[in-house]
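This is what each chain is made of:
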Amino acid sequence: MRKVTIMRAAWFALLVCLQPWTMRPAEAEEVRQVTLGLSAWITQPIVQSAWHGAELAVEDANAMAARKKSSWRFRLLAQDDQGSANFGVNVARYFIKEKVAGVIGPWSSDAAMATAELYEAARIPQIGFTAGTSQWTSQGHRMPFRVVGGTSEVGLTMAEVITTDLKGKRVFVVHNDSAYSNALTDELTARLVNRPGLTATRYLVGRRTTDFNATIKAANQYQADVIVFLALFPQAAAFVEEVRRSGTEAKVLLVGGASSLSFGEAALPQAYVLEYELAREQCPRWKAFTQAYMRRYNAAPSPYSYYAYDAASVLIAAILQSDSTDGEKIAASLRQLRHAGLSGPISFAAGGANAAPRFRLYQYRNRGQWQQVGVFPRGAGINEKCQ
């Protein structure tokens with residue numbers, strides 16, 4: 001009798017295990033899987049560091065969801081927009097087809113401007129971390145956001161750096177015909193033109209130029225004491241190498257990501273770069289991200305790694321806060337958020353621009369070392385607590 005009872009119990013347990021409401025596929029249906037798009041020039045080696053930063057943000061969000069037993073799970077879908085309008089549009093159409101909940105990027109202002117209407121119609125928020133033209137977030141659209149400063153704020157800060165920190169009197173601005181470069185050059189020269197005792201001129205180069213011999217000769221003929229380089233980042237290394245080779249004594253001011261450049265044993269004390277956010281090396285989260293990045297990718301993160309991590313993190317935070325993948329609700333949450341980013345608090349103005357962008361100024365020493373020599377606005381972040 002006991003043997004029969006045991007057999008019946010075993011048979012009943014087997015039947016229970018086979019019922020559809022207890023099988024694993026039904027459990028998996030409860031997970032809310034969300035796809036986030038990354039639109040960036042990912043064939044460029046330096047841009048891959050941004051991709052890695054966004055990957056770590058997604059992994060951190062999933063690990064946190066697992067600890068909290070949340071049903072949200074995120075995945076990153078990366079596409080190469082090559083920093084161009086045409087490729088950016090192709091990527092946007094693909095992301096719309098794939099029904100991504102939001103986009104980290106696009107990479108360039110050209111791509112951001114070209115895709116704004118597409119993403120607006122599809123109600124897909126974008127979080128820019130390099131596309132910096134202020135026009136992008138001042139057109140009345142609801143979907144674009146930016147975690148770094150725009151050309152209006154960058155131009156204002158660069159003008160202050162040139163006049164106050166670098167003591168510039170004859171300023172030579174190198175730019176190309178990209179949307180960001182043109183907008184920033186317009187903003188900067190407009191702010192310099194009426195400064196007493198200061199003159200400024202602009203010099204156009206091609207987007208693919210790597211020979212800057214004629215550029216430096218023109219700067220020397222102008223007797224420039226400050227040369228500002230506002231062309232594309234992939235051109236910056238070749239430009240600074242020409243500066244070093246020529247022996248010019250003019251100070252050189254670069255922008256956005258250039259502190260990842262190294263010039264070996266060369267001494268270039270006249271080289272400066274204005275980065276888009278404050279470095280917070282003393283804060284545990286900054287340290288933890290840096291260490292995790294180095295363990296995972298066996299390389300140091302670039303400034304773009306931090307920017308992309310913050311962009312992905314704030315997008316995920318808005319999705320969680322809205323408890324939705326509806327673009328309108330996510331955008332509404334983004335406008336309400338005060339997010340604890342790696343570089344400090346992030347919040348957005350009504351148009352989607354960073355409400356309080358901050359910058360740091362570095363000077364090159366040698367052996368790849370850049371030393372911070374200023375923060376903007378002056379004193380920003382000094383008494384700020386780690387979050």
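Quick note: structure is the one above.
Note that this is a predicted model, so its numbers are computed, not measured.

Q: Help me understand helix H5 (residues 109-122) in this model?
A: Note: α-helices contain 3.6 residues per turn, so residues at a spacing of three or four share the same orientation. With 14 residues, H5 ought to run about 20 Å at 1.5 Å a step, and its terminal C-alpha atoms sit 19 Å apart, in line with that. If you look at H5, its biggest bend is around 45°, right at Thr 115. Of the positions making up H5, those classed as buried are Ser 109, Asp 110, Ala 111, Ala 112, Thr 115, Ala 116, Tyr 119 and Glu 120. Packed against the buried residues of H5 are helix H4 (85-98), strand E3 (102-104), strand E4 (126-128), strand E5 (144-146) and helix H7 (179-192).

Q: Sorry if this is basic, but what is going on with the pattern of salt bridges here?
A: Any two side chains of opposite charge can pair if their charged atoms end up close together. Here the structure, examined in full by the defined rule, presents 15 salt bridges. Salt-bridge contacts for Glu 120 lead to Arg 142; the nearest nitrogen and oxygen are separated by 2.9 Å. Separated by 22 residues along the polypeptide, Glu 120 in helix H5 and Arg 142 in the loop between E4 and E5 bring together distant segments of the chain. What makes Glu 120 buried here is its relative accessible area of 9%. Relative accessible area serves as the criterion here: at 35%, Arg 142 is assigned to the partly exposed category. Note that Asp 326 is salt-bridged to Arg 123, the shortest N-O span being 3.3 Å. Placement of the pair is Asp 326 in the loop between helix H11 (303-322) and helix H12 (327-336) and Arg 123 in the loop between H5 and E4, with a sequence separation of 203 residues. By relative accessible area, Asp 326 is classed as partly exposed at 24%. Classification of Arg 123 by relative accessible area gives partly exposed; the value is 39%.

Q: Honestly, the packing of H11 against H12 in this entry has me stumped. Any pointers?
A: A packed helix pair is summarised by two numbers, namely the angle formed by the two axes and the spacing between the axes. With their axes 8 Å apart at the nearest point, H11 and H12 run at an angle of 110° to one another. Between H11 and H12, the crossing angle belongs to the class labelled roughly perpendicular. The way H11 lies across H12 gives a crossing that is right-handed. Residues Val 314, Leu 315, Ala 318, Ile 319, Gln 321 and Ser 322 of H11 lie in contact with H12, whose contacting residues are Lys 329, Ile 330, Ser 333, Leu 334 and Gln 336. In terms of residue class, the contact of H11 with H12 is made up of six nonpolar, four polar and one charged.

Q: Would you mind going over the nonpolar core with me for this structure?
A: General note: in soluble globular proteins, nonpolar side chains tend to be found buried as a group. Counting 105 residues, the largest nonpolar core has Leu 36, Phe 129, Met 158, Val 228, Phe 239 and Leu 254 as the members making the most contacts within it. Per-element accounting of this core gives the leading share, 13 residues, to H11. If near-sequence neighbours (up to four positions away) are discounted, Val 228 is found in contact with Met 158, Ile 162, Val 171, Phe 172, Val 173, Val 174, Leu 188 and Leu 253. Counting eight residues, the second largest nonpolar core, distinct from the first, contains Leu 77, Val 91, Tyr 119 and Ile 124.

Q: Where do I start with the sheet that holds E5 in this structure?
A: Sheet strands line up and pair through hydrogen bonds in the backbone, either parallel or antiparallel. Pairing is parallel across the open sheet formed by five strands, whose spatial order is E2-E1-E3-E4-E5. For this open sheet the edge positions go to strand E2 (72-80) and E5, each flanked by a neighbour on one side alone. Strand-to-strand twist across the sheet, computed as the mean angle between neighbouring axes with direction ignored, equals 25°. As paired elements, E3 and E4 share two bridges and run parallel to each other. Bridging from a neighbouring strand, Ile 104 pairs with Ile 127 of E4. Along the sheet face, H4 touches strand E1 (32-40), E2 and E3 and points at about 150° away from the line of E2.

Cut-offs and rules
- Residues numbered from 1 in each chain as written.
- Predicted model: local features only at pLDDT ≥ 70, side-chain atom pairs only at ≥ 80, totals over all residues.
- Heavy atoms only, no water.
- Helix = DSSP H or I, 4+ residues; strand = E, 2+ residues; numbered from the N terminus.
- Expected span 1.5 Å × (residues − 1).
- Bend = angle between axes of the 7 residues up to and from the residue.
- Buried < 20%, exposed > 50% of the residue type's maximum accessible area, 1.4 Å probe, protein only.
- Contact = heavy atoms within 4.5 Å.
- Salt bridge = Lys/Arg side-chain N within 4 Å of Asp/Glu carboxyl O.
- Axes fitted to C-alpha atoms, helices over the stretch in contact; angles between N-to-C directions.
- Parallel < 35°, antiparallel > 145°, perpendicular 65-115°, else oblique.
- Left-handed = near helix turned anticlockwise from the far one by under 90°.
- Nonpolar A, V, L, I, M, F, W, Y, C, P; charged D, E, K, R; others polar.
- Core = buried A, V, L, I, M, F, W, Y, C linked by side-chain atoms within 4.5 Å.
- Pairing = 2+ DSSP bridges.

Note that all results are geometric; they support no functional claim without further evidence.
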